[in-house]
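One-letter residues, chain by chain:
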Amino acid sequence: MIKNYLLVTLRNISKNKIFSIINVAGLSIGLSACFLIWQYVRFESSYDTFHKNKSNLYRVAYQFYRNDIPVSGGAANSPAVAPAMKRDFPEVTDFCRLIKTSLFTGDLSSFVANAIEFSVENGKGELVAFNEENVWFADASFFNLFSFQLIAGTLDALQAPNTVVITESIAKKYFGTSAALGKQMRLNRERVLTVTGIIKDVPLNSHLQFDILVSFASMKDNFGDGYDFWSWSAFYSYILLNPGADVEALEAKIPAFTKKYLGENSQGDAQLRYLLQHVTDIHLHSQFEDEQSRNGNAKTVYFLSLLAGFILVVAWINYINLSTAKALERSKEVGLRKAVGASRQQLIIQFLFDTAVINTLGLLGAIALVAISWRWFELLVGKEVGEVLFQHGLLDSPTQWVAVIGVFIVGVVLVGAYPAMTLSAFNPALVLKGKFFKSSSGTNLRKLMISFQYVLAMLLLAGTITIYLQVTYMRTQPLGFAKEQVLVMAAPAVYDSLAGSKISFFKNNVMQIPGVENISSSSEIPGRSMVEYVPISRLNEQDDNGFFGTSVAGIDTSFLSSYQIKLVDGRIFEGRERMAFRLENKQESIPVLVNKEFLRRLDIKESKNALKEKLQFWWGPDMRYAEIIGVVEDHHQESLKQGIGPIMYMQPKWPGWKYFSARLASGDLRSTLAAMESVYAKSFPDHPFSYFFLEEFFDHQYNDDVQFGKIFNAFTFLAIIVTCLGLIGLSIFSVSQRTKEVGIRKVLGASAPTILFIFAKDFLRVLLISYFFTAPVIWWGSHEWLQHFSFRTPLAWQMFALPPIALVFITFITITIVSIRAALDAPVKALRQE
C-alpha cells in the first residue's frame with residue numbers, strides 16, 4: 001500500500017514539476033530560516049545556564065522609586081549588601097562581590113578611574129606589559145557560586161591576598177607556552193600577584209565577561225572587607241540560596257532589611273528597593289546603565305521568534321494555495337479512484353502522503369541550506385553561535401530534535417489537511433460528466449491567504465524601513481561635540497612622581513607634529529558610560545530627595561576646545577585650579593563645570609544664575625564640596641538611545657588621566673601617527689601605545705541596532721522571496737486557466753499591457769484591501785518600537801507608503817514575467833487549446 005502511495009506521489013510530482021519545485025523551494029527556505037533564527041534565539045536564551053547553581057543564583061540590584069514610579073537604579077550595589085543578607089537571611093548560603101579593578105589604582109585606595117596595566121618579565125629580563133580592561137576584584141567564594149571551568153588551580157584560588165586567576169588566552173598572552181600557574185604578574189608595576197588559577201576562556205553566553213580576577217583580599221589593607229560600607233554602589237553582588245528556598249518569601253523580607261540598615265532614608269518620596277535578579281534572566285531582562293556587559297533584549301528575541309514563524313507560515317500558505325488551485329486538474333483523478341472503489345479515507349491518506357513527501361524534500365533542502373549558510377549566519381548575527389551550541393550540547397539536545405520532528409508533523413497535518421479534505425470530497429459522478437465547477441469558497445480562502453501574506457510582507461517591510469530611519473537618525477543628529485578627526489590614545493596605567501613633567505613633555509611635543517591641531521587629557525571620552533557617578537545636591541540640602549545622581553569626569557584646560565564643546569556661561573579651568581581625588585582638606589570647595597542638564601536637575605533656568613552655586617556631594621565615604629564656575633552646552637556622552645544626563649567636570653591635581661585626545665587636520669595620517677607613537681615612546685618608555693578614532697568608537701554603540709537591522713532585513717528578504725514563489729505559482733495557474741479568455745480578448749483588440757493588467761488586477765485588489773487593515777498596525781508597531789529610544793525619528797511617510805508600493809512593483813513584475821508569453825502569443829494558439 002505504501003509503495004502505491006509513493007508511486008502516485010512521485011507520478012504527481014513529475015507531472016507538476018514547476019509547482020513541486022516551488023513548493024519544495026518555499027518550504028526549504030521557510031524551514032531553514034526558521035531553524036537559523038531558532039538557533040539564535042536558543043543562544044540568546046542560554047546565557048548563564050551552564051552554572052550548576054543556576055537555579056539558586058541571584059544578583060542583587062537596586063531601584064529608586066518616586067511615588068511608585070521607577071526613576072533610577074543600578075545593577076551594582078554597595079559592598080555591605082550581600083554580606084548583610086547572608087547574616088540576616090537563613091535562605092542565603094553564600095555570596096560573592098565583584099568590582100572593576102579600574103576603580104582602584106596605585107596603592108588600591110585611590111578612587112581614580114584609570115587603566116589597568118599588567119606586566120611580567122620575560123626570560124631576557126625585559127618587561128612585557130599590556131593595558132587590560134576586563135579585570136575584576138572577586139571574593140574568595142567566586143568559584144563556589146559560578147561554574148567557570150578551572151583547568152589549573154583549585155576552587156579556593158582567590159582566597160589569599162595578592163592572588164590572581166587568569167583565562168587561558170591571558171596565560172598564553174603573557175607566558176606563551178610555559179606553565180603560568182605559580183608565576184608572578186605585576187599590577188600597575190607596584191603590586192606583585194601570584195597566578196593561582198587558570199580557567200577556560202569565559203563562554204560567550206555569560207553575562208559576566210572577564211579576563212583576569214584579582215582576589216578581593218588584595219585590597220583589604222586599604223579598603224577593608226566592605227561589610228559596613230553602604231554608600232558606594234559599584235559592587236556587583238551575588239547571593240546563593242538554599243535549594244528549594246522560597247524566593248517570594250525572601251523578597252517579602254527585603255523592605256524590613258532595607259529599613260534596618262538604611263533607616264528612614266529609604267522611605268518617603270524617593271524609596272530604594274533591592275531587587276533579586278535570577279542569573280539566567282540578566283542577559284535578556286535587565287537593562288540597567290551599569291550592566292557588566294552589553295545585554296540582549298527579550299523583545300528582540302520574541303520578535304525574531306515571531307518572524308521565524310511568519311516565514312514558515314507563508315511557506316505553508318503557498319502549499320495550501322497551490323494545492324487547492326490545482327484541485328480542478330486532480331478532480332478527474334479523484335473521480336476515477338472513487339469509481340473503482342477507493343474510499344475517502346484512502347484518498348485523504350494519499351493526499352497527506354503527498355504532503356509528507358513534499359515536506360520531507362523541503363526538510364532535506366532546508367538542511368542543505370543551513371549547512372551552506374551557517375558561517376554567513378554567524379557573521380550576520382555577529383556571534384559564533386555554533387561554538388556555544390556545540391560546546392554546551394544545545395544543538396544535540398533531545399528537545400531540539402523533538403521540536404524539529406514536531407514542527408514537521410504539524411506542518412504535514414495542518415498544510416495537508418485542507419487540500420486532502422477538499423479534494424477527497426469531490427462527487428465522482430459530476431466530475432466524470434465534466435460538471436465540476438470551481439468552488440467560490442476555495443477561491444475566497446486563497447484570496448484570504450494571499451491577503452495574509454501581503455499583510456506580513458508589508459509589516460516586515462515597514463519594520464525594515466523604520467529600523468533604517470531610526471539608525472540613520474541616531475547616526476546623523478548633532479551630538480553637541482565634534483567627533484570627526486579625533487584620535488584617542490590610551491594613557492599610561494601607571495604614573496610616577498615625574499608624571500606631570502612627562503605628560504607636559506608628551507603634549508608639548510605632540511603639538512609640534514604637523515597635522516595636530518589640539519591635544520587634551522581626560523578621565524572620560526564621549527562614547528562610553530562614565531565610571532564615576534555620585535549623589536549631589538545644593539549645599540546644606542537637608543532633604544535626601546534633593547540629591548540626584550551625576551556623572552563625574554576629570555578634564556584638563558584644553559578638553560572643551562579639543563572636542564569643540566560650547567561654554568555657555570562662566571569660564572573654564574585655569575592652570576592652578578585643581579582638585580585631588582583624596583583631599584587633605586575635605587572642606588575645600590572644588591571648582592567645577594556642569595552641563596545644562598545638571599542645571600535642570602537643580603531647577604535653575606538661567607545658566608548665569610548657576611555661577612558660584614555651592615554644591616555638596618558624596619565622594620566614596622566622605623562628603624565633599626564644590627562651586628560651579630562655568631556651564632557647558634549639553635552633549636551626547638553616549639548614543640542617542642540614552643537620554644542626556646547631568647555631568648560635572650573637575651580638574652584633578654593628580655594626573656590620573658585615562659585618555660589623550662588629539663584633534664587632527666586632514667593630511668598624511670600615516671606619518672602623523674608614526675610621529676605620535678615616537679613621542680609617546682620617548683615620554684612613557686615601556687608603556688604600550690594604543691589608539692582608536694573617536695568617530696568609529698562612538699558609532700560602535702549602534703552596532704547592536706545595525707546588527708538587528710541586518711538580521712531583520714535578511715529574513716524579511718527571505719519572506720519576500722517565499723511570497724514571490726507563491727505569487728509565481730498562482731500566476732502560472734491563473735494563466736493556464738484563462739488561456740482561451742486571453743485569445744478571445746486579443747481577437748477583440750486587447751493589447752498586451754491590457755492582458756497583463758487583467759492577470760494582475762485580482763492580486764492588486766487583494767493587496768489594496770490588505771493595506772487598508774495593515775496601515776494602522778504599521779502606525780502602532782512603529783510608534784511602540786520607537787518609544788524605546790530617548791531620541792527617535794518621527795513617524796515618516798516612507799513607513800506607510802513604501803511597503804505597498806514595493807509590493808505592487810514586486811507583484812506586477814512577478815506576474816509580468818509569468819504571463820508575458822500569454823500576452824504576446826498569437827491568439828490562434830490560445831483558441832486551439834482544448
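Residues numbered from 1 in each chain as written. Predicted model: local features only at pLDDT ≥ 70, side-chain atom pairs only at ≥ 80, totals over all residues. Heavy atoms only, no water.

1. Let's talk about the overall build of the protein
Inference 1: The secondary structure content of the protein amounts to 25 helices and 26 strands.
Inference 2: Relative to its 834 residues, the protein shows a buried fraction of 52%.
Inference 3: Within the protein, contacts between residues at least 6 apart in sequence are counted, and of these 81% link residues at least 24 apart.
Inference 4: Accessible surface computed for the protein: about 37,800 Å², of which carbon and sulfur atoms make up 58%. (Helix = DSSP H or I, 4+ residues; strand = E, 2+ residues; numbered from the N terminus. Buried < 20%, exposed > 50% of the residue type's maximum accessible area, 1.4 Å probe, protein only. Contact = heavy atoms within 4.5 Å. Areas by Shrake-Rupley, 256 points an atom, 1.4 Å probe, with all protein chains shown as cover.)

2. Some points on the pairing of strand 18 (residues 532-538)
Inference 1: Of the pairings in the sheet, the one linking strand 18 to strand 19 (residues 548-554) comprises 5 bridges and is antiparallel in character. Directly across from Tyr533, in strand 19, lies its bridge partner Ser551. (Pairing = 2+ DSSP bridges.)

3. So, unusual backbone geometry
Inference 1: The residue Gln564 is not glycine, and still its phi comes out positive at about 55°.
Inference 2: For Gln564, the position within the fold is in the loop between helix 17 (559-563) and strand 20 (567-570).

4. Notes on a nonpolar patch on the surface
Inference 1: Together, Leu361, Leu364 and Ile367 give the surface a local cluster of nonpolar side chains, amounting to about 280 Å² of exposed area.
Inference 2: Topologically, Leu364 is positioned in helix 11 (residues 344-381).
Inference 3: Leu364 gets classed as exposed once you look at its relative accessible area, which sits at 53%. (Patch = residues over 30% accessible without salt bridge, like charges linked within 9 Å, V, L, I, M, F, W, Y side chains within 5 Å. Salt bridge = Lys/Arg side-chain N within 4 Å of Asp/Glu carboxyl O.)

5. Examining the nonpolar core
Inference 1: Leu307, Tyr454, Phe715 and Leu807 are the most contacted members of the largest nonpolar core, which totals 73 residues.
Inference 2: What Leu807 contacts, discounting residues up to four positions off in sequence, is Tyr454, Ala457, Met458, Leu461, Ile720 and Leu767.
Inference 3: Counting residues in each nonpolar core, the second largest holds 30 residues, with Ile99, Phe104, Phe137 and Phe235 among its members. (Core = buried A, V, L, I, M, F, W, Y, C linked by side-chain atoms within 4.5 Å.)

6. Some details on the pattern of salt bridges
A side chain with one charge can pair with a side chain of the opposite charge if their charged atoms come near.
Inference 1: Under the defined criterion, the tally for this structure stands at 21 salt bridges.
Inference 2: With its nearest N and O atoms 3.0 Å apart, the salt bridge here joins Lys260 to Asp88. Pair noted here: Lys260 is in helix 7 (residues 247-262) and Asp88 is in helix 3 (residues 81-88), with a separation of 172 residues, a long-range link.
Inference 3: On the basis of relative accessibility, which here comes to 56%, the residue Lys260 falls in the exposed class.
Inference 4: Glu633 is paired through a salt bridge with Lys596; the nearest N and O atoms lie 3.6 Å apart.

7. What to know about the packing of aromatic side chains
Inference 1: Tallied over the entire structure, the rule returns 38 aromatic pairs.
Inference 2: Note on Trp230 and Phe257: the rings are 6.3 Å apart at their centroids and 55° apart in plane angle, and the pair reads as tilted. You can see Trp230 sitting in the loop between helix 6 (220-223) and strand 14 (236-241) and its partner Phe257 sitting in helix 7, a full 27 residues away along the chain.
Inference 3: Through successive ring pairs, a cluster of aromatic residues spans Phe50, Phe142, Phe143, Phe146, Phe148, Phe210 and Tyr238.
Inference 4: When the ring centre of Phe216 is taken as origin, the NZ or CZ atom of Arg97, which lies over that ring, is 4.3 Å away. (Phe/Tyr/Trp six-rings, centres within 6.5 Å; stacked < 30°, edge-to-face > 60°. Lys NZ or Arg CZ within 6 Å of the ring centre and 35° of its normal.)

8. Here we look at the environment of Tyr319
Inference 1: Topologically, Tyr319 is positioned in helix 9 (residues 298-325).
Inference 2: What makes Tyr319 buried here is its relative accessible area of 6%.
Inference 3: In the structure, Tyr319 is positioned 299 residues away from Ser20 in sequence and 9.3 Å away in space, judged by C-alpha atoms.
Inference 4: If near-sequence neighbours (up to four positions away) are discounted, Tyr319 is found in contact with Asn23, Asp354, Thr355, Ile358 and Val415.

9. Some remarks on the sheet that holds strand 26 (residues 691-693)
Backbone hydrogen bonds are what pair the strands of a sheet, in a parallel or an antiparallel way.
Inference 1: Across the sheet, 4 strands lie side by side as 17-25-16-26; this open sheet has antiparallel pairing. The sheet is open, and its two edges are formed by strand 17 (516-522) and strand 26, each paired on a single side. Each neighbouring strand pair of the sheet contributes to a mean axis angle of 20°, computed without reference to strand direction.
Inference 2: As judged from the 3 bridges shared by strand 16 (residues 486-490) and strand 26, these two strands associate in the antiparallel manner. Residue pairing for strand 26: Met489 is matched across the bridge by Tyr691.
Inference 3: Where helix 16 (residues 499-510) meets the sheet, its contacts fall on strand 16, strand 17 and strand 25 (659-664), and the angle it forms with strand 17 comes to roughly 160°.
Inference 4: Across the sheet, helix 19 (residues 669-683) lies against strand 16, strand 17, strand 25 and strand 26, angled at about 150° from strand 25, the strand it touches most. (Axes fitted to C-alpha atoms, helices over the stretch in contact; angles between N-to-C directions.)

10. Considering the environment of Val632
Inference 1: You can see Val632 is positioned in strand 23 (residues 622-632).
Inference 2: Classification of Val632 by relative accessible area gives buried; the value is 0%.
Inference 3: Considering only alpha carbons, one finds Val632 and Ser607, 25 residues apart in sequence, at a separation of 9.1 Å.
Inference 4: Residue contacts for Val632: discarding those within four places in its chain leaves Leu560, Ile565, Lys566, Leu567, Val568, Val594, Asn595, Lys596 and Tyr649.

11. Things to note about helix 7
Inference 1: Its 16 residues place the ends of helix 7 22 Å apart at the C-alpha level, agreeing with the 22 Å of an ideal helix rising 1.5 Å per residue.
Inference 2: The sharpest bend along helix 7 measures roughly 30° and falls at Ile254, with the proline Pro255 sitting one to four residues further on.
Inference 3: Those residues of helix 7 that sit buried are Val247, Leu250, Ile254, Phe257 and Thr258.
Inference 4: A side-chain oxygen of the first residue of helix 7 lies 3.2 Å from the backbone nitrogen of Glu248; this N-cap is Asp246.
Inference 5: Gly263 occupies a position one or two residues after helix 7 and carries a positive phi of about 70°. (Expected span 1.5 Å × (residues − 1). Bend = angle between axes of the 7 residues up to and from the residue. Polar contact = N/O pair within 3.5 Å; in protein donor to acceptor, adjacent residues only side chain to side chain.)

12. Examining the packing of helix 3 against helix 7
Each pair of packed helices can be described by the angle between their axes along with the distance between the axes.
Inference 1: Between helix 3 and helix 7, the least distance of the axes is 12 Å, while the angle of their chain directions is 115°. The handedness of the crossing between helix 3 and helix 7 comes out as right-handed. In this structure, helix 3 contributes Val81, Ala84, Met85, Arg87 and Asp88 to the contact, and helix 7 contributes Ile254, Phe257, Lys260 and Tyr261.
Inference 2: Broken down by class, the residue content of the contact of helix 3 with helix 7 amounts to 6 nonpolar, no polar and 3 charged. (Left-handed = near helix turned anticlockwise from the far one by under 90°. Nonpolar A, V, L, I, M, F, W, Y, C, P; charged D, E, K, R; others polar.)

13. Comments concerning the packing of helix 16 against helix 19
Inference 1: At their nearest, the axes of helix 16 and helix 19 sit 9 Å apart, and the two run at 160° to each other. The angle between the axes of helix 16 and helix 19 places the two elements in the roughly antiparallel class. Two packed elements cross with a definite hand, and for helix 16 against helix 19 that hand is right-handed. Here helix 16 contributes Lys502, Phe505, Phe506, Asn509 and Val510 to the contact with helix 19, which in turn contributes Met676, Val679, Tyr680, Lys682 and Ser683.
Inference 2: When grouped by side-chain class, the residues that make up the contact of helix 16 with helix 19 number 6 nonpolar, 2 polar and 2 charged. (Parallel < 35°, antiparallel > 145°, perpendicular 65-115°, else oblique.)

14. Describing the confidence of the model for the protein
Inference 1: Averaged over all residues, the pLDDT of the protein equals 81, while 82% of them reach at least 70.
Inference 2: This model gives residues 106-114 a pLDDT under 50, and the stretch forms 46 contacts once residues within four places in sequence are excluded.
Inference 3: Scored below 50 in pLDDT, residues 580-584 makes 12 contacts in the model with residues more than four places away or belonging to other chains. (pLDDT = per-residue confidence, 0-100.)

15. Side note on the side chain of Asn295
Inference 1: Mapped onto the elements of the fold, Asn295 is located in the loop between helix 8 (282-285) and helix 9.
Inference 2: Within polar-contact distance, the side chain of Asn295 engages the backbone oxygen of Ile282 at 3.1 Å.
Inference 3: In contact with Asn295, other than residues within four places in its own chain, are His207, Ile282, His283, Ser286 and Gln287.

16. Considerations on the side chain of Thr101
Inference 1: Tracing the sequence through the fold places Thr101 in the loop between strand 3 (92-100) and strand 4 (104-105).
Inference 2: We classify Thr101 as buried; its relative accessible area is 0%.
Inference 3: A polar side-chain atom of Thr101 sits 3.5 Å from the main-chain amide nitrogen of Phe137.
Inference 4: In contact with Thr101, not counting residues within four places along its chain, are Ile116, Val135, Trp136, Phe137 and Leu187.

17. Observations regarding the environment of Ser237
Inference 1: On the secondary structure map, Ser237 appears in strand 14.
Inference 2: Judged by relative accessible area, which is 0%, Ser237 ranks as buried.
Inference 3: For the pair Ser237 and Ala61, spaced 176 residues apart in the sequence, the C-alpha separation amounts to 7.7 Å.
Inference 4: Once residues lying within four places of it in the same chain are set aside, the contact partners of Ser237 are Tyr58, Arg59, Val60, Asn77, Ser78, Ala82, Cys96 and Arg97.

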